[in-house]
Amino acid sequence: QVQLVESGGGLVQAGDSLRLSCAASGRTFKTDVMAWFRQGPGREREFVAGIRWSGGTTDYADSVEGQFTISRDNAKNTVFLQMNSLKPEGTAVYYCAAALGTEVIGSNQYLYDYWGQGTQVTVSS
């Protein structure tokens, strides 16, 4: 059973940086994709960034390209989301997700098999 546990959320001011972590367990990750999604108040869940566990290829939503960076530490089975120059519209619950047995970084949440519980990020103006 795959388990994903996010951490690192909090309350920050606009312009600050924050790094989220997602600790994954229950599987030896190889041909899999990990991703971050977010859901802001009154909004649908949206894709933020994704990474192939093997090779490290990444993809980003246009809204965060150049601002956020996704990375992974294979030895620690952990995926990170470095968020710089945060804006109030970045306020959301951020979720880590895993799609198993694929190398396609999809933006559709229904492609993902496992989800973490989410971590709240609040950006004040």
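Everything quoted here is computed from the prediction, not taken from an experiment. (Residues numbered from 1 in each chain as written. Predicted model: local features only at pLDDT ≥ 70, side-chain atom pairs only at ≥ 80, totals over all residues. Heavy atoms only, no water.)

1. Remarks on the state of the cysteines
In step 1: Inspection of every chain in the model, using the stated rule, returns one disulfide.
In step 2: Linked covalently through their sulfurs, C22 and C96 form a disulfide whose S-S length is 2.1 Å. Judged by the sign of its S-S torsion, about -75°, the bond between C22 and C96 is left-handed. With C22 in strand β3 (residues 18-25) and C96 in strand β9 (residues 92-100), this pair connects stretches of sequence that are 74 residues apart.
In step 3: Given the relative accessible area of 0%, C22 is considered buried.
In step 4: Judged by its relative accessible area of 0%, C96 falls in the buried class. (Disulfide = S-S within 2.5 Å. Helix = DSSP H or I, 4+ residues; strand = E, 2+ residues; numbered from the N terminus. Buried < 20%, exposed > 50% of the residue type's maximum accessible area, 1.4 Å probe, protein only.)

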